[in-house]
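Listed below are the residues making up each chain.
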Amino acid sequence: MKNYKNDNTDKLMQAITNIESVDECYALFEDLCTIKEIQDMALRFSTAILLKKGESYQSVVEKIGTSSATICRINQCLNYGSGGYAQAIEKLEKPEEKNNK
């Protein structure tokens, strides 16, 4: 994979980590991405959640409609990637800890 980390991507990632609410997040992503891109990312994330719960590829196809190629890619990321999906899913499942900090 090409190295995409640079000053521009660092600024984007910092801006995302500085978001303080869901509404603020929507505002940034609506300006930054097309609606289709946001929907595609949301479907990928939902796919990752189902795979992490142990759902089969067929079940994910039936529930979300994700292609088997996309499911395979997401599964590879879950098993061999940088851990981003797993960290985000874990934080999503434990929102009370974030609110107590």
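Preceding this paragraph is the structure being described.
Residues numbered from 1 in each chain as written. Predicted model: local features only at pLDDT ≥ 70, side-chain atom pairs only at ≥ 80, totals over all residues. Heavy atoms only, no water.

Some thoughts on helix 3 (residues 35-52)
Here comes step 1: Between the first and last C-alpha of helix 3 there are 26 Å, a value that for 18 residues agrees with the 26 Å anticipated at 1.5 Å per step.
Here comes step 2: Those residues of helix 3 that fall on the buried side of the exposure criterion are Thr-47, Ala-48, Ile-49, Leu-50 and Leu-51.
Here comes step 3: For helix 3, the elements touching its buried residues are helix 4 (57-64), helix 5 (68-80) and helix 6 (84-93). (Helix = DSSP H or I, 4+ residues; strand = E, 2+ residues; numbered from the N terminus. Expected span 1.5 Å × (residues − 1). Buried < 20%, exposed > 50% of the residue type's maximum accessible area, 1.4 Å probe, protein only. Contact = heavy atoms within 4.5 Å.)

Here's the deal with the side chain of Ser-59
Here comes step 1: Relative to the helices and strands, Ser-59 is located in helix 4.
Here comes step 2: A distance of 2.4 Å separates polar atoms of two side chains, one belonging to Ser-59 and the other to Glu-55. (Polar contact = N/O pair within 3.5 Å; in protein donor to acceptor, adjacent residues only side chain to side chain.)

Focus: the pattern of salt bridges
One side chain can pair with another of opposite charge once the charged atoms of both are near each other.
Here comes step 1: The full count for this structure, using the stated rule, is two salt bridges.
Here comes step 2: A salt bridge links Asp-40 to Lys-36, with the nearest nitrogen and oxygen atoms 2.8 Å apart. Here the residue Asp-40 and the residue Lys-36 both occupy positions in helix 3, the gap between them amounting to four residues, near one helical turn.
Here comes step 3: Of the residues examined, Asp-40 reaches a relative accessible area of 25% and is grouped as partly exposed.
Here comes step 4: Here Glu-55 makes a salt bridge to Lys-63, at a shortest N to O gap of 2.9 Å. (Salt bridge = Lys/Arg side-chain N within 4 Å of Asp/Glu carboxyl O.)

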